[in-house]
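# Residue-level structure breakdown
Residue-level listing of the chains:
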Amino acid sequence: MTTSKTGRDADEKLIRELVARSQEAQLDTDALPALHTPDLVLVNLAGRRVFGRDTFAAAMAEALSTPLKDVRTTLRIDDIRFPAADVAIASLTKTIHDERSAEAGTMPTTGAMTYVLVRRGDGWQIALAQTTPIR
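Residues numbered from 1 in each chain as written. Predicted model: local features only at pLDDT ≥ 70, side-chain atom pairs only at ≥ 80, totals over all residues. Heavy atoms only, no water.

## Side note on the overall build of the protein chain
Per the secondary structure count, the protein chain includes 3 helices and 6 strands. Counting from the amino terminus, the protein chain carries its helices and strands in the arrangement α-α-β-β-α-β-β-β-β. Its C-alpha atoms give the protein chain a radius of gyration of 15 Å, near enough to 14 Å, the size a compact globule of 135 residues would have. Taken over the C-alpha atoms alone, the protein chain extends approximately 55 × 30 × 20 Å along its principal axes. Burial status across the protein chain gives 37% buried among its 135 residues. A separation threshold of at least 6 residues defines the contact pool for the protein chain, and within that pool the share at least 24 residues apart is 53%. Taken as a whole, the protein chain presents about 7600 Å² of accessible surface, with 53% of it coming from carbon and sulfur. (Helix = DSSP H or I, 4+ residues; strand = E, 2+ residues; numbered from the N terminus. Rg over C-alpha atoms; globule rule 2.2 N^0.38 Å. Buried < 20%, exposed > 50% of the residue type's maximum accessible area, 1.4 Å probe, protein only. Contact = heavy atoms within 4.5 Å. Areas by Shrake-Rupley, 256 points an atom, 1.4 Å probe, with all protein chains shown as cover.)

## Points about the side chain of T37
Summarising the element assignment, T37 is placed in strand β1 (residues 36-43). If near-sequence neighbours (up to four positions away) are discounted, T37 is found in contact with R53, V118, R120, Q125, I126 and A127.

## Considering the pattern of salt bridges
Oppositely charged side chains can pair when the atoms bearing their charge come close. Scanning all chains against the criterion turns up 6 salt bridges. Where E12 meets R16, a salt bridge forms, and the shortest distance between an N and an O atom there is 3.1 Å. A residue pair is termed a helical-turn pair when its members lie 3 or 4 positions apart in one helix, as E12 and R16 do in helix α1 (residues 5-24) at 4 residues. Residue E12 is classed as partly exposed on the basis of its relative accessible area of 27%. R16 sits in the partly exposed class, given a relative accessible area of 39%. Measuring nitrogen to oxygen at the nearest pair gives 2.5 Å for the salt bridge that ties R81 to D79. Look at D79 and you get partly exposed, because its relative accessible area is 26%. (Salt bridge = Lys/Arg side-chain N within 4 Å of Asp/Glu carboxyl O.)

## Quick word on the pairing of β1
One face of the sheet, then the other: side chains in a regular strand alternate in exactly this way. Strand direction decides the pairing type here: β1 and strand β6 (residues 123-134), joined by 4 bridges, are parallel. Among the inter-strand pairings, V43 is bridged to a residue of β6, identified as Q130. Bridge count for β1 against strand β2 (residues 49-51) is 3 bridges, and the pairing is antiparallel. Bridge pairing links V41 to F51 in β2. Connecting the antiparallel pair β1 and β2 is a turn made up of 5 residues, with G47 showing a positive phi of about 90°. (Pairing = 2+ DSSP bridges.)

## A short note on the sheet that holds β1
The strand order β2-β1-β6-β5-β4-β3 describes an open sheet built from 6 strands, whose pairing is mixed. Two strands lie at the open edges of the sheet, namely β2 and β3 (71-84), each paired on one side alone. Ignoring which end each strand starts from, the neighbouring axes of this sheet average 20° apart. Of the strands in this sheet, β1, β2 and β6 are in contact with helix α3 (residues 53-63), which crosses β1 at around 55°. (Axes fitted to C-alpha atoms, helices over the stretch in contact; angles between N-to-C directions.)

## Describing the nonpolar core
Core analysis: the biggest nonpolar cluster contains 24 residues, and I15, V19, F56, Y115, L117 and W124 have the highest contact counts within it. At the level of elements, α1, β1, α3, β3, β4 (87-98), β5 (110-120) and β6 are the ones that each hand at least two residues to this core. Top contributing element to this core by residue count: β3, with 4 residues. (Core = buried A, V, L, I, M, F, W, Y, C linked by side-chain atoms within 4.5 Å.)

Have a look at this one:
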């Protein structure tokens, strides 16, 4: 259990690194799911809910075989809180960069994203990822 200010600073640094890795791995169907817990719950920008890391990996592979492969996101951390020693909540702003053709339709350009993270050994994993479009 981490309770000291120094420990919290170290945890926040690890979480910031995890968020950066999740952004870097957004097109990698092996690396991105590995950053999540096996019992992950994910709700994407369109409201699709996915249960479990394996289901997420399959959904991600399917999406990357469509024009959605041309949609990129960047993440900015707005806040990190620790409601319990081994639990963190990261509030993020997701910016969507849609490089698909105009015929593909439009999607919001910004989303409010929340990660619930849990400590696993010496690191952190994403247990819940929820994105709400900002219109």
